[in-house]
Amino acid sequence: MMGGMAGLEGMEQPRPRSDAAAARWGIPGADRTPAPAPGRPVSVSVDLVAEPTLGEVRLPSRPQSAGIARRLTAAVLLKQWSLTPQLAEQAVLLVSELVGNAVRHTGARTLALRMLRRRGWIRIEVRDPSRGLPCLMPVHDLDISGRGLFLVDTLSDRWGVDLLPRGKTTWFEMRVGDR
């Protein structure tokens, strides 16, 4: 899935943030931040160098962002935190569900991803500007679109929603064996 991202230097137009964020994580040596185009907010280039373990990474509220969030999660859990592939795979699935829910149900323009680690636990958060609460459907009511929180509830050790003055953070936590 990493094809098509080489040759960013020669582009006249800034690429969509989603591609640039993926390029930052997928291409070795892609740590040169392009200068922001005239008239574009400077925060765009700041977002590109953001790292989900240091602060939140802002993503456009589009279906492609679920894939970016999956790649970010896998990179952090496997490369940075050296967690097991099984745990990383489950966390990647849950991140995809939370980002997918935010994209489908909130009408937001952007959302934010953050990852935290403390002794014995990881916590992954997806923040969006909607205060509408996600609801966990009973199993028999599940259809294609209702399985997300059921998976989160099943595969995570804890999960929840924190209401914010503007919006909410949906999060899950998983136990990890600290080596």
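This report concerns the structure included in the present document.

Conventions and cut-offs
- Residues numbered from 1 in each chain as written.
- Predicted model: local features only at pLDDT ≥ 70, side-chain atom pairs only at ≥ 80, totals over all residues.
- Heavy atoms only, no water.
- Core = buried A, V, L, I, M, F, W, Y, C linked by side-chain atoms within 4.5 Å.
- Buried < 20%, exposed > 50% of the residue type's maximum accessible area, 1.4 Å probe, protein only.
- Helix = DSSP H or I, 4+ residues; strand = E, 2+ residues; numbered from the N terminus.
- Contact = heavy atoms within 4.5 Å.
- Pairing = 2+ DSSP bridges.
- Axes fitted to C-alpha atoms, helices over the stretch in contact; angles between N-to-C directions.
- Salt bridge = Lys/Arg side-chain N within 4 Å of Asp/Glu carboxyl O.

**Section: the nonpolar core**
For step 1, the next point in the chain: Core analysis: the biggest nonpolar cluster contains 30 residues, and Leu77, Val99, Leu113, Met115, Ile122, Ile124 and Phe172 have the highest contact counts within it.
For step 2, the next point in the chain: Elements supplying a minimum of two residues to this core: strand S1 (57-60), helix H3 (64-80), helix H4 (85-105), strand S2 (110-118), strand S3 (121-128), helix H5 (148-155) and strand S5 (167-175).
For step 3, the next point in the chain: Here the element with the most residues in this core is H4; it accounts for nine residues.
For step 4, the next point in the chain: Residues within four places of Val99 in sequence aside, it is in contact with Ser65, Ala66, Ala69, Leu111 and Val126.

**What to know about the sheet that holds S1**
For step 1, the next point in the chain: In spatial order, the strands read S1-S2-S3-S5-S4; together these five strands make up an open sheet with antiparallel pairing. At either margin of the open sheet sits one strand with a lone partner, and together these are S1 and strand S4 (158-164). Pairwise comparison of adjacent strand axes, ignoring direction, gives a mean angle of 20 degrees for this sheet.
For step 2, the next point in the chain: Examined bridge by bridge, S1 and S2 share four bridges and lie antiparallel to one another. Following the sheet pairing, Pro60 is matched in S2 by Thr110.
For step 3, the next point in the chain: On top of the sheet, H3 reaches S1, S2 and S3; it is set at about 15 degrees to S2, its chief contact.
For step 4, the next point in the chain: In this fold H4 packs onto S2, S3 and S5, with an angle of close to 170 degrees to the strand it touches most, S5.

**Structural notes on the pairing of S3**
For step 1, the next point in the chain: Counting buried positions along S3 gives seven out of eight residues, so the element sits mostly inside the fold.
For step 2, the next point in the chain: Note: S2 against S3, seven bridges, orientation antiparallel. Across the sheet, Leu116 pairs through a bridge with Arg123, a residue of S3.
For step 3, the next point in the chain: Linking S2 back to S3 in an antiparallel pair, the connection comprises two residues, with Gly120 at a positive phi of about 85 degrees.

**Considerations on the pattern of salt bridges**
Oppositely charged side chains are able to pair whenever their charged atoms sit close together.
For step 1, the next point in the chain: Enumeration over the complete set of coordinates arrives at eight salt bridges.
For step 2, the next point in the chain: A salt bridge links Arg118 to Glu173; the nearest nitrogen and oxygen atoms lie 3.6 Å apart. You can see Arg118 sitting in strand S2 and its partner Glu173 sitting in strand S5, a full 55 residues away along the chain.
For step 3, the next point in the chain: Judged by relative accessible area, Arg118 falls into the partly exposed class, the value being 42%.
For step 4, the next point in the chain: Looking at Glu173, the relative accessible area reads 3%, which means it is buried.
For step 5, the next point in the chain: Connected through salt bridges with shared partners, the residues Arg114, Arg118, Arg123, Glu125, Arg158, Asp162 and Glu173 form a single ionic network.

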